[in-house]
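# Observations on the three-dimensional arrangement
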Amino acid sequence: MTASKWHNTDVDGSVMRIHVSVAAGSGRFPAIVVMQHQGGVDEFVQRTTERLAQAGYVAAAPDLYHRDGPDCTDDIVTRRSRLSDRRIINDIAATVKFLQGQDAVAREQIGIIGFCMGGRLALLGAATAPAFKAAVAFYPGNTFRAWGRDIPSPFERLADIHCPIQGHFGADDANPSPADMAKLDAELTRLGKTHEFYSYTNAGHAFLDRTKDSYRQHADEASWPKTLEFFGRQLGIH
């Protein structure tokens, strides 16, 4: 059986919790960093790490709200508004370093996946963390705006992406909209970046999240096998 537990690591003098799920069996496994949505490392994100572990990976979801402290009672929107790309880049790097120090991880086979704002951050990670061999972005919103002053947005960093990208979008989504998807697709194509995008009819934002009314089974059943096939192809699990 897979095993899941919380671990701690230090980032910029702050203790960051990481929810880690490990594939069953012995030896070393490819690893995937799981970037949270606005709701944090909640039930959906924890289930996702477990879902990836069941597919043969070590999956680690860093809690990006760690700088708020364990007793923070602010609402999620307020907490999200305090995030900055500079700090998140450090959080991603710290998660990669944590994974590379684990006996169960094949340190040269690491990918990243994210949902909603985490999809945005998967693109950010693909452009800034050299360790990643593959990135999957589910409905990555707000990619055209930087979180912080005097720094490029994820869209403006697309030229720095160094690994293949897979993207999943809801045709009924407003952020990212079909036009946003087309803009990302066109820019990645112009830059010669390896990528594959998929759009799902009758699906909006957060269509993969079973804890929400937005969940769409048909989009889940179409997108998740594509995700596992992509990671398997890029990280050498199959």
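It should be emphasised that the depicted structure is a prediction, and the values quoted were computed from it without experimental measurement.

## Brief notes about the overall build of the protein chain
Secondary structure summary: the protein chain contains six helices and eight strands in total. Along the protein chain, helices (α) and strands (β) appear in the sequence β-β-β-α-β-α-α-β-α-β-β-α-β-α when read from the amino end. Computed over C-alpha atoms, the radius of gyration of the protein chain comes to 16 Å, within 12% of the 18 Å expected from 2.2 N^0.38 for 238 residues, which places it in the range of a compact globule. Dimensions of the protein chain, computed from the C-alpha atoms along their principal axes, are close to 40 × 40 × 35 Å. When burial is assessed residue by residue, the protein chain has 53% of its 238 residues classed as buried. Within the protein chain, contacts between residues separated by at least 24 positions form 71% of all contacts whose residues are at least 6 apart in sequence. Here the protein chain displays about 10400 Å² of accessible surface, and carbon together with sulfur accounts for 47% of that area.

## A word on the sheet that holds strand E1 (residues 3-11)
Taken in spatial order, the eight strands line up as E1-E2-E4-E3-E5-E6-E7-E8 in an open sheet, and their pairing is mixed. Strands with a single pairing partner mark the edges of an open sheet, and in this sheet they are E1 and strand E8 (195-200). When the angles between neighbouring strand axes are averaged without regard to direction, this sheet yields 20°. Alignment of strand E3 (residues 29-35) against strand E5 (residues 105-115), held across six bridges, turns out to be parallel. From the neighbouring strand, Ile32 faces E5, where its bridge partner is Gly111. Each of E1, strand E2 (14-22), E3, strand E4 (58-62) and E5 is contacted by helix H1 (residues 43-54), which is oriented at about 45° to E2, the strand it contacts most. Contacting E3, E5, strand E6 (132-138), strand E7 (165-170) and E8, helix H6 (residues 217-235) runs over the sheet at an angle of about 170° to E6.

## What to know about the pairing of E8
Bridge analysis of E7 against E8 gives six bridges, and the strand direction is parallel. Opposite Ile165, over in E8, you have His195 as the bridge partner. As a crossover connection, the stretch from E7 through helix H5 (residues 178-190) into E8 is right-handed.

## Quick word on the packing of aromatic side chains
The geometry of an aromatic ring pair is captured by the separation of the ring centres together with the interplanar angle, meaning the angle of the planes. Summed over all chains, the structure comprises ten aromatic pairs. With a centroid separation of 5.0 Å and an interplanar angle of 55°, the aromatic rings of Phe169 and Phe197 are classed as tilted. One end of the pair, Phe169, is in strand E7; the other, Phe197, is in strand E8, with 28 residues separating them in the sequence. Under the relative-accessibility criterion, Phe169 is labelled buried at 2%. Site record: aromatic cluster; members linked through ring pairs are Phe44, Phe115, Phe138, Tyr139, Tyr200 and Phe207. Between the NZ or CZ atom of Lys183 and the centre of the ring of Phe144, over which it lies, the distance is 4.5 Å. One residue, Lys226, lies across the ring of Tyr198, its end atom 5.2 Å from the ring centre.

## Focus: the confidence of the model for the protein chain
Mean pLDDT over the protein chain works out to 97, with 99% of the residues at or above the 70 mark. Within the protein chain, helix H2 (residues 76-81) has the poorest average pLDDT of any element, 95, and E6 the best, 99.

## Concerning the pattern of salt bridges
For the coordinates displayed, the defined rule picks out 13 salt bridges. One salt bridge connects Arg51 with Asp220, and the closest N-O pair in it is separated by 2.8 Å. Of the two residues, Arg51 is situated in helix H1 and Asp220 in helix H6; the sequence distance between them amounts to 169 residues. Judged by its relative accessible area of 1%, Asp220 falls in the buried class. Asp74 is the salt-bridge partner of Arg82, the closest N and O atoms lying 2.9 Å from each other. Owing to a relative accessible area of 39%, Arg82 belongs among the partly exposed residues under this scheme. Classification of Asp74 as partly exposed rests on a relative accessible area of 36%. Each of Asp68, Asp74, Arg79 and Arg82 takes part in salt bridges that share partners, so that together they form one network.

## Things to note about the side chain of His168
Summarising the element assignment, His168 is placed in strand E7. Reaching out from His168, the side chain makes a polar contact with the side chain of Tyr200 at a distance of 2.8 Å. A distance of 3.3 Å separates a polar atom in the side chain of His168 from a polar atom in the side chain of Thr227. Discounting chain neighbours no more than four positions away, the residues touching His168 are Val136, Ala137, Phe138, Tyr139, Pro140, Tyr198, Tyr200, Phe207, Ser223, Lys226 and Thr227.

Parameters at a glance
- Residues numbered from 1 in each chain as written.
- Predicted model: local features only at pLDDT ≥ 70, side-chain atom pairs only at ≥ 80, totals over all residues.
- Heavy atoms only, no water.
- Helix = DSSP H or I, 4+ residues; strand = E, 2+ residues; numbered from the N terminus.
- Rg over C-alpha atoms; globule rule 2.2 N^0.38 Å.
- Buried < 20%, exposed > 50% of the residue type's maximum accessible area, 1.4 Å probe, protein only.
- Contact = heavy atoms within 4.5 Å.
- Areas by Shrake-Rupley, 256 points an atom, 1.4 Å probe, with all protein chains shown as cover.
- Pairing = 2+ DSSP bridges.
- Axes fitted to C-alpha atoms, helices over the stretch in contact; angles between N-to-C directions.
- Right-handed = clockwise from strand over helix to strand, strands pointing away.
- Phe/Tyr/Trp six-rings, centres within 6.5 Å; stacked < 30°, edge-to-face > 60°.
- Lys NZ or Arg CZ within 6 Å of the ring centre and 35° of its normal.
- pLDDT = per-residue confidence, 0-100.
- Salt bridge = Lys/Arg side-chain N within 4 Å of Asp/Glu carboxyl O.
- Polar contact = N/O pair within 3.5 Å; in protein donor to acceptor, adjacent residues only side chain to side chain.

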